[in-house]
Amino acid sequence: MFKRARIAAKSAARRSTFARRVLAALLAASLLPAAASSVEARDPLLAYGARIVGDDARTRIVIDFDREPRFSVHYIANPERIVVDLPATAFGFPAKDLAARGLFKDIRYGKMDEESARIVLTTAGPVKLALAKVQADETGNGHRLVLDAEMIDKKAFAELVKTQSWSDRTEAAQTTSAIPAPQKAAPGDFVIAVDAGHGGIDTGAIGVDTKTEEKQVTLAFAKALTDRLNKEPGIKAFLTREDDEFLSLSQRVLIARQNHAGLLISLHADTLKQKDIRGATVYTISDKASDKLAADLAERENLSDQIAGKETVAEPPEVADILLDLARRETQAFSISLAESVLNSFKDQVGTINNPHRHAGFRVLQAPDVPSILLEIGFLSNADDEKLLLDEAWRGKIAGLLTDAVKRYRAAVMANGG
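Throughout this document, residue positions are counted from 1 along each chain, in the order its sequence is written. Side-chain atom pairs in this predicted model are given and counted only at pLDDT of 80 or more, local residue features only at pLDDT of at least 70, and totals for whole chains, interfaces and linings cover all residues. By convention in this description, side-chain values take in all heavy atoms of the structure and omit both hydrogens and water.

Caption draft 1: Main features of the packing of aromatic side chains. Ring pairs shown here join Phe, Tyr and Trp side chains whose ring centres sit within 6.5 Å, with only the six-membered ring taken for Trp; geometry is labelled stacked below 30 degrees between planes, edge-to-face above 60, and tilted in between. Following the criterion strictly, the structure yields seven aromatic pairs and no others. Pairing Phe-190 with Tyr-409 gives two aromatic rings, centres 6.3 Å apart and planes at 35°, and the pair type is tilted. One end of the pair, Phe-190, is in strand β10 (residues 190-196); the other, Tyr-409, is in helix α12 (residues 392-415), with 219 residues separating them in the sequence. For the pair shown, Phe-190 and Tyr-409 are each scored as buried. Ring centres of Phe-334 and Tyr-409 lie 6.5 Å apart, and the angle between their planes is 85°; on these two criteria the pair is classed as edge-to-face. With Phe-334 in helix α10 (residues 329-346) and Tyr-409 in helix α12, the pair connects residues that are 75 residues apart, well separated along the chain. Only protein chains enter the area calculation, which uses a 1.4 Å probe; residues under 20% of their type maximum are buried, those over 50% are exposed, and those in between are partly exposed. We classify Tyr-409 as buried; its relative accessible area is 4%. These aromatic residues form a ring-pair network of at least three members: Phe-91, Phe-93 and Tyr-109. The way it works is that DSSP assigns letters per residue, a run of H or I at least four long becomes a helix, a run of E at least two long becomes a strand, and they are numbered from the N terminus.

Shown next as structure tokens:
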């Protein structure tokens, strides 16, 4: 009896193994289209090659993909840009293969979020795509996206922008609604938004030696700072972005406000034409820049949305009034207090530039009720700063000093009844 039971069990096991093999074969043969398409949806496209040819009248871009890409095209004015939206895509070709030329003065591409990527073509004048199509590669191994651009007049471009149905106006609400609140935040906790500058398609500055992208540096520092802050009792810090994704400037501000942050610290590592300048700088908001360096930096940082192909939407008059009021005098005073606390922590520990507390009209600092600073940890245009910015031990030291600054700031606020 037991022998028959063992034989039956072995027979059942063989049938089960055979069934699994048949199922695997069906999947491999794509006889289960729903499952196959689900797997495909999880895998990003691979853009493995690119080339650009043409002149200031007509320019062609060709991008090679491992499989057929779905895409859509939109036009944005002020400045004129063509935006090509794609599903999640890994861009594996050298940047020099798609360097701007002809009708295009700047070309950016990269991740927008987990499910989408974007190519942004900033043009030298009004341009339209006379051809935008996907065709199979001659070898049968993939597909290519072909974009033929030609110059048009301003009136024709304005009509393109006017008649298209695409708009970014609802994107901020959709994106920020999915941002989780800080974990385990209890009543009375001091909540801090740590903002890693740039991300996704917006790479930020590029290192002078290693060619490291600013978005990678800022995210590494943001994670180190968040981890260090969360070790302090009564302090809960969270990241505005946790990976390589694009967030508009207004989204960063909204995320801080939605999570009732008491502070926003935005981290950056820019580049300057003067490569000998190095050290940290702390910026607060102002309608008038403290100096030309601050004004130029704010102008570059405020272009982040344009780099990613975001449509510029005018603020309602009542919102603009709040922003022009420098986020109210009380919030501005708290921001300055935090900046001073940071510089006191850095004294004799971290090198700073001359006049290290500066101010300008940074859009990421415009929350009317969240004291905010923008911290330039160092400059990727300086070789010595670049080495420090990529040093894990240095990140830990900066995180510790910033945590000390936050603790002193919080103690002062609490002492004043805040």
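Still to come is the rest of the account.
Caption draft 2: Broad picture of the sheet that holds strand β15 (residues 372-376). Two strands pair if DSSP finds at least two bridges between them. One open sheet accounts for six strands, arranged β11-β10-β12-β15-β13-β14; its pairing is mixed. Each having just a single partner strand, β11 (235-239) and β14 (352-360) make up the two edges of the open sheet. In this sheet, adjacent strand axes meet at a mean angle of 20° when their direction is disregarded. Of the strand pairs in this sheet, β10 and strand β12 (residues 263-268) are connected by five bridges, and their pairing is parallel. Directly across from Ile-192, in β12, lies its bridge partner Leu-263. Across the sheet, α10 lies against β12, β13 (280-285), β14 and β15, angled at about 170° from β13, the strand it touches most. Whether two residues are in contact is decided by their heavy atoms: any pair within 4.5 Å suffices. Think of each axis as a best-fit line through the C-alpha atoms, taken over the contacting stretch in the case of a helix, with angles from 0 to 180 degrees between the N-to-C directions. Its contacts with the sheet place α12 against β10, β11, β12 and β15, and it is angled at close to 145° to β10.

Caption draft 3: Region of interest: the nonpolar core. Of all hydrophobic cores here, the largest spans 40 residues; its most connected members are Ile-192, Val-194, Leu-267 and Phe-346. Elements with a minimum of two residues in this core: β10, α5 (214-229), β11, β12, β13, α10, β15 and α12. Filtering out sequence-adjacent residues up to four positions away, Ile-192 remains in contact with Leu-229, Ile-235, Lys-236, Ala-237, Phe-238, Leu-263, Ile-265 and Val-406. Within the second largest apolar cluster, 26 residues are counted, among which are Leu-45, Ala-47, Ile-61 and Tyr-75. What we call a nonpolar core is a set of buried Ala, Val, Leu, Ile, Met, Phe, Trp, Tyr and Cys residues that are connected through their side-chain atoms within 4.5 Å.

Caption draft 4: Representation of the packing of α5 against α12 in the model. One can describe the packing of α5 onto α12 by two numbers: an axis separation of 9 Å at closest approach and a directional angle of 50°. When the axis of α5 is compared with that of α12, the two are oblique. Where α5 crosses over α12, the handedness of that crossing is right-handed. Facing α5, whose interface residues are Ala-220, Phe-221, Ala-224, Leu-225, Arg-228 and Leu-229, α12 presents Trp-394, Arg-395, Ile-398, Ala-399, Gly-400, Leu-402, Thr-403 and Val-406. In this classification, Asp, Glu, Lys and Arg are treated as charged, Ala, Val, Leu, Ile, Met, Phe, Trp, Tyr, Cys and Pro as nonpolar, and every other residue, Gly included, as polar. A class-by-class count of the residues in the contact of α5 with α12 yields 10 nonpolar, two polar and two charged. Roughly parallel means an angle under 35 degrees; roughly antiparallel, over 145; roughly perpendicular, 65 to 115; everything else is oblique. Handedness of each helix crossing follows the sense of rotation of the near helix against the far helix: counterclockwise by less than a right angle gives left-handed, clockwise gives right-handed.

Spatial relationships are all this shows, so hold off on functional conclusions.
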